[in-house]
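Each chain, letter by letter, is given below.
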Amino acid sequence: MESTCPEPATPHQAMDDLDEGETAPIRFAWEPGRLALTFTAAKDRPVVLSGLGPGAAAPVTRASQPLVELIVTGDGRALNTPRFTSSGVGSRLRYVEHSTAADEDCERLHIVQADAVTGLRVTTTFTASPRIRAARVETSVRNDGAEPVVLEAISSFATGAVVAPEESTRDLVLHSGAGEQLAENRWSTRRLWSQTALADFNSALHDQPGRGGFAAVSTSTWSTVRNLPTGVLENARTGRSMAWQIEHNGGWRWEVGNVREGEDSVALVLLGPEDLDHHWSQELAPGAAFVSVPVSFAVAAAGLESVMAELTRHRRWLRRERNADRGSLLVFNDFMNTLNGDPTTDRLLPLIDAAARAGAECFCIDAGWYDDTDLHDWWPTVGEWIPSKKRFPHGGLDRVVTAIRESGMKAGLWLEPEVVGVLSPVARLLPDAAFLQRHGRRVVEQERYFLDLRHPAARAHLDAVFDRLIGAFDLGFFKLDYNVTPGSGTDRDAFSTGAGLLGHNRAHLQWVADLRGRYPHIVFENCSSGAMRADFAMLELFDFQSTSDQMDFRLYPAIAAGAPLQMLPEQAGNWAYPQAWMSDEEIAFTMVNGLSGRLYLSGFLDRMTAEQLSLVQDATALFKRIRNQIAGAVPGWPMGLPDWYADSFALALTGAERNLLYVWHRGGGAAELTMRLGPGIRAEHLVELYPRRLAPWKVTDGADGTIRLRPGIPGPSARVYEIS
């Protein structure tokens, strides 16, 4: 699923070329354009990424964290610790060779190490754009020994080079994110050495390294339900920063640990599933190989916003071959605060007309279109995906889809393809082997079975469903949802439940890639009860991500403003659901929610007055003018990262042609919002783009170079500005 890059050919110097008995370290550098990495290796030590930074010639630090951590059964750790550091195999790995390759769009580095005890050969691969200070990393392990080996953990990437030689780790702050259904993208900032992160226990006095740290872990297939697989270490004094993301649609772990002293006091380790948290282990027979989940990192020299700009550019580069949605299709979806999974012909037709008049380019019929149950309880019967006859009695679903197309919009449908309700006919028709299982029984969660996409019958069923629906209705859009999660995994045809789940996760990604290959013109949305699976493994394949199922428009700004830390701004499907009962300011508020990323429209537009609908039309017209700029912009937070309980929020999207500013205030007419927008930016440079027809906020200059905004409105209000 990765875009092609040239493969390295001739290896560089091998460790065997060193003089017999020589233990002095050797160093080699890799500088793919705007990124600089320095590696240190020796005959008695593993390879260490000892220098990392933007620009050329990364300074070498005294960091000792090995590039790879690897734990196998019967070997464990060289130094006991609850972290995934000081692993036995990782400590014994020795440099073999490295090789590089490059073309005008991509550069690649392979570093090969080997463990003489187990016979494992480990290759770490870095892939980077020559124009971005970031890289993707994967680690593969091959068993060149004579005996089977059981893997329990393998890092994708690890380093201790988080400060430059003249810097102190005491100046580091950690930015990390939490997720929760209906309260996604909540970010926190803490000093790295603090009561809630790392503790200084005086390593030198005790003559031993640290064993503690700060860890973020996800389990099962809701990969962003608790913690986010993205983080940032920022030097608050110098601005030097490093960001990372783990790109996996299942279990993962990242940890920042305390190691020794000074430059060698902090280590970062990024892993996919492992035995401790995810019940993952994998046997490697002689000659067999395993590849870790991919991860990415970025570096910058000017703080959080600069490194997130690099990671944003890197995400776009990784998605550079995704072509279906170059124009950020404006979708109306009938679910949120509207039909809520209960569509009928009579309810849909007025909405279709109103959505078209509002400026939507696609109309998606959300959940319920297949429900023929008497109780309208479709939850345990999903899986067959045949249009309801009861809901669409005169002309069927085809009549509704025809009305959508005749209104000038593309037609879309909601599906939850990976599950089958326990009462669905499909549950009886498919073999047990087509479902995730444990101990010989199908996994069940909330009256749903889970398809095992490693099995050909499961994939064939889904392929037939999509072929049938696309052929029958000429669809241009799908919303793919995922509302339950199966736990540790499956032990059918798997060495461990975690290995079974990883196999399914990877088969799911491949199935999506194959589906998109067959239907390259169709736009696909990723949804998982909002954003419970908003990892980059999914986001690399999908066009956009529903950022939440949050139904309170006043709570949405915190989600929308935080979303660009986890996803591209143009992928952040922020719901706007204006209603006739709202005031004009409240309508504008929810529309600004949508405008701050990928406008995702809903609401009973057919019940609005002409004046109310005009506020919606103004927003959709603005979105069409600025969406190309959003798709090239990088994010910033002129009032700091959004706080869930704050009254005010601000998000800046800075592009080559246009700089956009979104500001929300949840209430209090006497409030004054203060923000910094950069050197030379004054009040006169803020030009209101939306809503314009309502009373403007008062914008003035602060004496300290800040900009001050006074809404002067007692209830919720929001504005979009261009910084001219």
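Please refer to the structure higher up on the page.
Residues numbered from 1 in each chain as written. Predicted model: local features only at pLDDT ≥ 70, side-chain atom pairs only at ≥ 80, totals over all residues. Heavy atoms only, no water.

Draft legend 1. Spotlight on the overall build of the protein. A tally of helices and strands in the protein yields 14 helices and 40 strands. A globule of 724 residues ought to have a C-alpha radius of gyration of about 27 Å, and the protein, at 26 Å, matches this closely. Classification of the 724 residues of the protein by burial places 62% in the buried group. By sequence separation, contacts in the protein at least 24 residues apart represent 69% of the contacts at least 6 residues apart. When the accessible surface of the protein is split by element, carbon and sulfur atoms take 49% of a total near 25100 Å². Counting 70 positive and 90 negative side-chain charges, the protein places the averaged centre of each group 3 Å from the other. (Helix = DSSP H or I, 4+ residues; strand = E, 2+ residues; numbered from the N terminus. Rg over C-alpha atoms; globule rule 2.2 N^0.38 Å. Buried < 20%, exposed > 50% of the residue type's maximum accessible area, 1.4 Å probe, protein only. Contact = heavy atoms within 4.5 Å. Areas by Shrake-Rupley, 256 points an atom, 1.4 Å probe, with all protein chains shown as cover. Lys, Arg positive; Asp, Glu negative; His and termini not counted. Charge placed at Lys NZ, Arg CZ, Asp CG, Glu CD.)

Draft legend 2. Broad picture of the packing of helix α6 (residues 345–358) against helix α7 (residues 396–406). It is at 10 Å that the axes of α6 and α7 come closest, and there the two elements cross at 5°. If you check the angle between α6 and α7, you find them roughly parallel. In this structure, α6 contributes T345, L348, L349 and I352 to the contact, and α7 contributes R399, V400, A403 and I404. When its residues are assigned to classes, the contact of α6 with α7 shows six nonpolar, one polar and one charged. (Axes fitted to C-alpha atoms, helices over the stretch in contact; angles between N-to-C directions. Parallel < 35°, antiparallel > 145°, perpendicular 65-115°, else oblique. Nonpolar A, V, L, I, M, F, W, Y, C, P; charged D, E, K, R; others polar.)

Draft legend 3. Geometry of the state of the cysteines. A full pass over the atoms with the stated rule returns one disulfide. In this model C5 forms its disulfide with C106; the gap between the sulfur atoms is 1.7 Å. The S-S bond linking C5 to C106 shows a torsion near 95°; that makes this disulfide right-handed. In this pair, C5 sits in the segment before β1 (26–30) while C106 sits in the loop between β5 (94–102) and β6 (107–114), placing the two residues 101 residues apart along the sequence. You can call C5 buried: its relative accessible area is 15%. Unpaired in this structure, C364 has its nearest cysteine sulfur neighbour in C362, at a distance of 6.5 Å. (Disulfide = S-S within 2.5 Å.)

Draft legend 4. Quick look at the pattern of salt bridges. Tallied over the entire structure, the rule returns 46 salt bridges. Measuring nitrogen to oxygen at the nearest pair gives 2.8 Å for the salt bridge that ties E247 to R136. On the criterion of sequence distance, the pair formed by E247 in the loop between β14 (241–246) and β15 (252–258) and R136 in strand β8 (residues 134–143) is long-range, its members being 111 residues apart. Accessibility expressed as a relative area gives 3% for E247, which makes it buried. Linking E180 and R186 is a salt bridge whose minimum nitrogen-to-oxygen distance equals 3.3 Å. Residue E180 is classed as partly exposed on the basis of its relative accessible area of 44%. Residue class for R186 comes out partly exposed when judged on its relative accessible area of 25%. (Salt bridge = Lys/Arg side-chain N within 4 Å of Asp/Glu carboxyl O.)

Draft legend 5. Examining the nonpolar core more closely. Formed by 147 residues in total, the largest nonpolar core has its most connected members in F363, W369, L415, F478, Y662 and Y690. Sorting elements by how many residues they give to this core places helix α14 (residues 610–630) first, with eight residues. Residues W193, V293, F297 and A499 belong to the second largest nonpolar core, which totals 60 residues. (Core = buried A, V, L, I, M, F, W, Y, C linked by side-chain atoms within 4.5 Å.)

Draft legend 6. Highlighting the sheet that holds strand β23 (residues 419–421). Strand order in this open sheet of three strands is β23-β27-β26, and the pairing throughout is antiparallel. Looking at which strands have only one partner, the edges of the open sheet turn out to be β23 and β26 (444–445). Bridge count between β23 and strand β27 (residues 448–450): three bridges; the pairing is antiparallel. Across the sheet, residue V420 finds its bridge partner in β27, namely Y449. (Pairing = 2+ DSSP bridges.)

Draft legend 7. The pairing of strand β32 (residues 598–601), seen in detail. Alternating residues of β32 divide into R598 and Y600 and L599 and L601, and every residue in both groups is buried. Inspection of the sheet shows strand β20 (residues 331–333) paired to β32 by two bridges, in the parallel sense. From the neighbouring strand, F332 faces β32, where its bridge partner is L601. Of the strand pairs in this sheet, strand β31 (residues 572–576) and β32 are connected by four bridges, and their pairing is parallel. Residue pairing across strands places N574 opposite L599, the latter belonging to β32. Crossover handedness for the path β31 to helix α13 (residues 584–595) to β32: right-handed. (Right-handed = clockwise from strand over helix to strand, strands pointing away.)

Draft legend 8. Representation of the packing of aromatic side chains in the model. Summed over the entire model, instances satisfying the criterion amount to 28 aromatic pairs. Ring centres 6.3 Å apart and planes at 35° place the aromatic pair W369 and W385 in the tilted group. Residue W369 is found in the loop between β21 (362–365) and α7, and its partner W385 is found in the loop between β21 and α7; the two are separated by 16 residues along the sequence. Each member of the pair, W369 as well as W385, is classed as buried. Centre to centre, the rings of F544 and Y600 are 5.2 Å apart; their planes meet at 90°, and the pair counts as edge-to-face. Of the two residues, F544 sits in strand β30 (residues 544–546) while Y600 sits in strand β32, which places them 56 residues apart along the sequence. Note on accessibility: F544 and Y600 belong to one class, buried. Chaining the aromatic ring pairs together yields one cluster made of F28, W30, F39, Y95, F126, F157 and F297. The ring of W379 is capped by R448, whose NZ or CZ atom sits 3.5 Å from the centre of that ring. The ring of F544 carries R598 above its face, with NZ or CZ at 4.2 Å from the centroid. (Phe/Tyr/Trp six-rings, centres within 6.5 Å; stacked < 30°, edge-to-face > 60°. Lys NZ or Arg CZ within 6 Å of the ring centre and 35° of its normal.)

Draft legend 9. Focus on the sheet that holds β31. Taken in spatial order, the eight strands close into a barrel running β20-β21-β22-β28-β29-β30-β31-β32, and their pairing is parallel. Along the sheet, successive strands turn relative to each other by an average axial angle of 30°, direction set aside. Contacts from α13 reach β31 and β32 within the one sheet, and its direction differs from that of β31 by about 170°.

Draft legend 10. Representation of the environment of G667. Inspection of the secondary structure assignment puts G667 in the loop between β35 (659–665) and β36 (673–675). Assessed through its relative accessible area of 24%, G667 is described here as partly exposed. Those residues within four positions of G667 in sequence are excluded, and the remaining contacts are P714, G715 and P716.

Draft legend 11. Geometry of the environment of A146. Assignment of secondary structure puts A146 in the loop between β8 and β9 (149–159). Accessibility expressed as a relative area gives 67% for A146, which makes it exposed. For the pair A146 and E234, spaced 88 residues apart in sequence, the C-alpha to C-alpha distance is 45 Å.

Draft legend 12. Geometry of α14. Between the first and last C-alpha of α14 there are 29 Å, a value that for 21 residues agrees with the 30 Å anticipated at 1.5 Å per step. The principal kink in α14, of about 40°, is found at K624. (Expected span 1.5 Å × (residues − 1). Bend = angle between axes of the 7 residues up to and from the residue.)

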